[in-house]
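Architecture at a glance
Chain by chain, the residues:
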Amino acid sequence: MSWELLGTDRIIKITELSDFVNTEMIIPKELIGFFGSAGERLAIIYQNREYPSYLETEGGHAKLKWSKVLIRKLGEAFPDYESWFGGNPEAAKTPQLEIIKANDLFSLRLITENEAGNSAAEKKGDPVITAIPPAAGLQELLVKWIAGYPNYYPRDFRFSFKDVINEEIPKVIESFEAIRTGHYKVQGFAGDTQWAEIPWVKVLDKESQSINNEDLYLAYILAMDSRKLYLAIVYGEEGVGVRSLSEKAATYRKKITTGNYQTNHQEVLLANASLVSGIVCYREYTETEMPADTVLAAEFEDFRKMYKLCLMTDQMADEAAVSGEPIAAAIKELDVRVENEAHEEIPESPEILIQELVAENPEPQSEPVPSETVVVVFDNAVEEKLSDESLIDEIVLEENPSEEIQISHMEDDAEQQAILAPESVAAAVTMGAGDDEKNHNPSESQFNQPASADLKRQQLGVEIQKPEDLKMSGDNQTSVIGTESEVDQDAVKVGSDQSNEEASGLLAQSFIRYPVKNDYLTPYLQLVQAKMGTKGYYYPAELIKAYYLSIKSKPFVMIKGRVGSGKTSFPRLFAEAIGASPENGRYKRLLVGKNWRDDTHLMGHLDSRGHFIPGPMMLMLKAAKEYPDKPHFLLLDEMDQSPAADYLRLLLEGINGSKEPFLNREDFGADITAFREYGSLNFPDNLYIIATINEGPDSFPVPARVIDSGNVITMPVVEIGVFPDYGSPAGDSDWENSAFKIRSQAKGLPEILERLMQLLSGVQQLLIEYGCPMGYRGKNEILAFGINSGAEGLFNEQEVIDLAILQRILPALGCDEKTDAEVFQALACFGLEEGLREKYLNQPVTRFISRYEALLKAAAIPCPRSGTALLKQLKSQYQK
């Protein structure tokens, strides 16, 4: 018999060939109890690493199923298993599997012939696992939670890391003196069938279930960026709006003494606006600044007392409502009741903690004020005419704006506010950088009477004029704009001797204006651009930077574009410029065939004789493995010629982080040679997948799961003109793979990340309002894009968010036909001052489109790249 039970906690199994190639083994009925009950998850520890395993019943047999990675590890420990079992193996020298049980852990060891001499000594000595180590302290567990959760989030939910949240931290909290009374319920939540976007450990007063239906609770909550952990009192009644939750939290806040704990919930980074709004007070922890266990316990007790007081306030209010007693009297009685227990003043935090809080929340630094502004004039009459004639179908949109914009809004007079139409706009650029410009008297710039007629004759877009060219006759002038600067306050005066009816039809507003283009390239990217240019292709700097950063943030990039736009040539030329070519095997183009229905076209298949024929993916994986220090590129040309979800299933798993081998032993049939050559291949960190999308009439739609796995870049329109001079193409063109890895030590990264998180949190809150929030994957990859950009100075943080909306968020929303136009309008207005944003969003869609397009032309939109695409999307939806 191959199995032998040695005591209650140790089993020896003589191995067979199947133990090194199959991911399951049959367990004798008499040994099932050693492992537990069918359906249970087992924690198998091999070489100090846990591998998820399961005990299942199939066909009347109990089977132990475990990871393919574990099978591979066993094969590496005994590489001659095929030849050994293919001959006449000696039973005494055949490797053995030793399994030692200690509580819920199973330690696995492979005993080979070389170790047989030491087996007796090992049996007499200490076992591999003698006992479970003592329970970790709260500090260690909270640090483990912060540091480990983002690593486990995209991986198999079956990993036992979730036990830290679901079991270990709750057990420590349950050991606190106040919790041991049995009055509290402690519960951890890492997810149901997949990792939770917001994991938490909640403490709930059992009596509160009959008071306020569990709406108020105390909890540890992981921040959106996975870098912070909050201990907070939260009011979270379901079905209540954000404003009501915030008001209720403020009411609780008035009833307690919060000491030095934080109460500004707007600074909390959570992917749930309702949850943030309901925070009464909180304490913030980080991995590097985590207090000792005694301090954590003391702070938890502070929060428990505040939580208890909030509950007692609710209870007294309920009793007062039933008895008719005035609420003021009830509160006074409550104060007397809890004077010696729950209403103790929260002690001042130690000085060191105060300093930590100040360091974590520095005063925001003012950004430099841009020196260029643009004045926009609106004509009510023209706008109303456009709205009546529904000229929306005649609008033609340029797909490639040439300038980047930051915005500063001036409130317009409510009675004179007009809806902006492209034909009703004139713009003036005012330079305000130097003293000479500041001393300029803008009142000399006036509008003359024919201005309205000139506006009507303008073509689509914005005409940029000098301030002195914008004139209006008349002595009586009325200011209708204002800015924070003295220059802008008097930048434009509107008035005339015309009738009041005509005068009231004009309105001027001033906005900060920035260049749209960001043509800066680092020297190594300039060399790439120059090498591409020597072959007759002239790609703009922003395209090269966006593509480069997209590869660095995720090894999967999709490129969309019209036929002939260069979407197939661009990735090839980029790869060749850095030393990867078809000739050296580091670049390969694969044309996706019609109606590929499975992944055998990529991975390989068995021929009629049972031989495994490797697919192009297997060959590229092998090449990447042989040269791990060099980047390799696989281009899936015309990806949408077949249903991508069918033939990309396995590849997407690797792209999204799985390190499992792509193929099982069964995929190779009897071809053991092919299995040894390709069976262990998984997705390496030096392989980058590029896919082109045609979106032609015969194309299949690319599913959301594929779109969500990488950035989507749209090729710009080919510009025809004089060939630009990109410099000399001479220089090193053989990049190492390390060039595509994050520069985690770059100067200023913490500040860059903080600014990115603030902007990204704003986008997330907007998406949450419309029920389409980002997940962890998208958030993390946008941050990776931004960190790499900041480390190399390629885009600023506002531009990164602009590109994130364009390349990640908008493509994902486009996969859902139910996405409402209001979402696109809200995204288009992201970054606008709140008052201006609300006014635009409350306009009818036709007026919104005409006004928004004019502001794009005037360079007065904070995110012009995504704004252009969003405007095109809105027009398309309107026309449908």
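Above this text sits the structure in question.
A short tour of the structure in this document, coming up. (Residues numbered from 1 in each chain as written. Predicted model: local features only at pLDDT ≥ 70, side-chain atom pairs only at ≥ 80, totals over all residues. Heavy atoms only, no water.)

1. Some thoughts on the overall build of the chain
Our working definition: Here a strand is any run of E in DSSP of at least two residues, a helix any run of H or I of at least four, and the numbering for each starts at the N terminus. Note on contacts: a residue pair qualifies if any of its non-hydrogen atoms lie within 4.5 Å across the two residues. Method for areas: the Shrake-Rupley scheme with a 1.4 Å probe, in which residue coverage is limited to the protein chains shown.
If you tally the helices and strands in the chain, you get 33 helices and 24 strands. Considering only intrachain contacts with a sequence separation of at least 6, the fraction spanning at least 24 residues in the chain is 73%. Working note: accessible area of the chain is about 41400 Å², and carbon and sulfur atoms make up 48% of it.

2. Brief notes about unusual backbone geometry
Our working definition: Only protein chains enter the area calculation, which uses a 1.4 Å probe; residues under 20% of their type maximum are buried, those over 50% are exposed, and those in between are partly exposed.
Within the chain, Glu638 stands out as a residue other than glycine whose phi angle is a positive 60°. Here Glu638 shows up in the loop between β22 (632–637) and α23 (644–647). In this model, Ala859 sits at a positive phi of 60°, which is unusual for a non-glycine residue. Mapping Ala859 onto the fold places it in the loop between α32 (845–857) and α33 (864–879). Look at Ala859 and you get buried, because its relative accessible area is 2%.

3. Observations regarding the pairing of strand β18 (residues 556–560)
Going by this rule: By definition, two strands form a pair when at least two bridges between them are found by DSSP.
Counting buried positions along β18 gives four out of five residues, so the element sits mostly inside the fold. Examined bridge by bridge, β18 and strand β23 (residues 687–693) share five bridges and lie parallel to one another. Residue pairing for β23: Lys560 is matched across the bridge by Ile693. As defined by bridge partners, β18 adjoins strand β24 (residues 711–714) across four bridges and the pair is classed as parallel. Residue pairing in the sheet places Val557 in a bridge with Asn711 of β24.

4. A word on the sheet that holds strand β3 (residues 24–27)
Heads up, the rule is: Interaxial angles span 0 to 180 degrees and are taken between N-to-C directions of axes, which are lines fitted to C-alpha atoms, for helices over the stretch in contact.
A sheet is described by the order of its strands in space; here eight strands give the open sequence β1-β2-β7-β8-β4-β5-β6-β3, paired in mixed fashion. Either end of the sheet is taken by a strand with one partner, and the two such strands are β1 (3–5) and β3. Adjacent strand axes in the sheet meet at a mean angle of 25°, parallel and antiparallel pairs treated alike. Bridge count between strand β7 (residues 96–102) and strand β8 (residues 105–111): seven bridges; the pairing is antiparallel. Bridge assignment links Leu97 to a residue of β8, and that residue is Leu110. Relative to strand β4 (residues 41–46), helix α3 (residues 68–77) is tilted by about 25°, and along the sheet it contacts β4, β5 (49–58), β6 (61–66), β7 and β8.

5. Remarks on helix α30 (residues 821–828)
Heads up, the rule is: Think of a polar contact as two N or O atoms within 3.5 Å of one another; within protein, one of them needs to be a possible hydrogen donor and the other a possible acceptor, and neighboring residues in sequence only count if both atoms come from side chains.
With six of its eight residues buried, α30 lies for the most part within the structure. Within the span of α30, buried status applies to Val823, Phe824, Gln825, Ala826, Leu827 and Ala828. Check the buried side of α30 and you find it contacts α27 (749–769), α29 (797–814), α31 (834–841), α32 and α33. Sitting at the head of α30, Asp820 places a side-chain oxygen 2.9 Å from the backbone nitrogen of Glu822.

6. Considerations on the packing of α30 against α33
Here is the rule: Throughout, the term roughly parallel applies to angles under 35 degrees, roughly antiparallel to angles over 145, roughly perpendicular to angles from 65 to 115, and oblique to all others. Note: crossing handedness is left-handed where the near helix turns anticlockwise from the far helix by less than a right angle, and right-handed where it turns clockwise. Residue classes follow a fixed rule: Ala, Val, Leu, Ile, Met, Phe, Trp, Tyr, Cys and Pro count as nonpolar, while Asp, Glu, Lys and Arg count as charged, and any other residue, Gly among them, counts as polar.
At their nearest, the axes of α30 and α33 sit 9 Å apart, and the two run at 155° to each other. Classified by the angle their axes make, α30 and α33 are roughly antiparallel. Here the hand of the crossing between α30 and α33 comes out left-handed. Counting all contacts with α30, which are made through Ala821, Phe824, Gln825, Leu827 and Ala828, the residues of α33 involved are Leu870, Gln873, Leu874 and Gln877. For the contact of α30 with α33, a count of residues per class yields six nonpolar, three polar and no charged.

7. Structural notes on the packing of aromatic side chains
Which entries qualify depends on this criterion: The criterion for an aromatic pair is that two Phe, Tyr or Trp rings (for Trp, the six-membered ring) have centres within 6.5 Å, with stacked assigned to planes under 30 degrees apart, edge-to-face to planes over 60 apart and tilted to the rest. Only when the NZ atom of a Lys or the CZ atom of an Arg is both within 6 Å of the ring centre and within 35 degrees of the ring normal do we say a charge sits over the ring.
Counted according to the given criterion, the structure contains 35 aromatic pairs. Note on Phe574 and Trp735: the rings are 6.3 Å apart at their centroids and 80° apart in plane angle, and the pair reads as edge-to-face. With a gap of 161 residues between them, Phe574 in helix α20 (residues 569–577) and Trp735 in the loop between β24 and α27 connect regions that are remote in the sequence. With a relative accessible area of 0%, Phe574 lands in the buried category. Under the relative-accessibility criterion, Trp735 is labelled buried at 10%. Aromatic rings pair up to connect Tyr524, Tyr537, Tyr539, Tyr547, Tyr548, Phe570, Phe574, Phe633, Tyr688, Trp735 and Phe740 into one cluster. The aromatic ring of Tyr217 is capped on one face by Lys202, whose charged end is 4.3 Å from the ring centroid. Lys545 extends its terminal NZ or CZ atom over the ring of Phe795, reaching a point 4.2 Å from the ring centre.

8. Structural notes on a negative patch on the surface
Inclusion rule: Any residue with relative accessible area above 30% and no salt bridge may belong to a patch, with like charges joined within 9 Å and the nonpolar Val, Leu, Ile, Met, Phe, Trp and Tyr side chains within 5 Å. By definition, a salt bridge exists where a carboxyl oxygen of Asp or Glu is found within 4 Å of a side-chain nitrogen of Lys or Arg. Charge counting treats Lys and Arg as positive and Asp and Glu as negative, with His and both chain ends excluded. A charged residue contributes its charge at one atom only: NZ of Lys, CZ of Arg, CG of Asp or CD of Glu.
A contiguous patch of negative charge on the surface is contributed by Glu40, Asp104, Glu140, Glu167, Glu168 and Asp293. Examined against the element boundaries, Asp104 turns out to sit in the loop between β7 and β8.

9. Some details on the pairing of β8
Across a regular strand the side chains alternate sides, sitting on one face of the sheet and then on the other. For β8, a buried count of six out of seven residues is recorded, marking the element as mostly surrounded by other parts of the structure. Inspection of the sheet shows β4 paired to β8 by four bridges, in the parallel sense. Counterpart to Ala43 in the pairing with β8 is Leu105.

10. Section: the sheet that holds strand β9 (residues 184–189)
If you trace the five strands from one edge of the open sheet to the other, you get β9-β10-β11-β12-β13, paired in antiparallel fashion. In this open sheet, the two strands that pair with only one neighbour each are β9 and β13 (279–286). Averaged over all pairs of adjacent strands, the angle between their axes in this sheet comes to 15°, without regard to strand direction. Sheet topology places β9 next to strand β10 (residues 200–205); six bridges connect them, and they run antiparallel. What sits directly across from Lys185, in β10, is Leu204. In the packing of helix α8 (residues 242–255) onto the sheet, contacts are made with β11 (216–222), β12 (228–235) and β13, and the angle to β13 comes to roughly 85°.

11. Looking at helix α7 (residues 162–174)
To be explicit about the condition: By definition here, a helix of n residues has an expected span of 1.5 Å times n minus one. By definition, a residue's bend is the angle between the axes fitted to the seven residues ending there and the seven starting there.
When the terminal C-alpha atoms of α7 are compared, their 18 Å separation across 13 residues agrees well with the 18 Å that a helix rising 1.5 Å per residue should span. For α7, the principal kink sits at Glu168 and spans about 30°; a proline, Pro170, occurs within the next four residues. Residues of α7 that are buried include every one of Lys162, Val164, Ile165, Ile169, Pro170, Val172 and Ile173, and no others.

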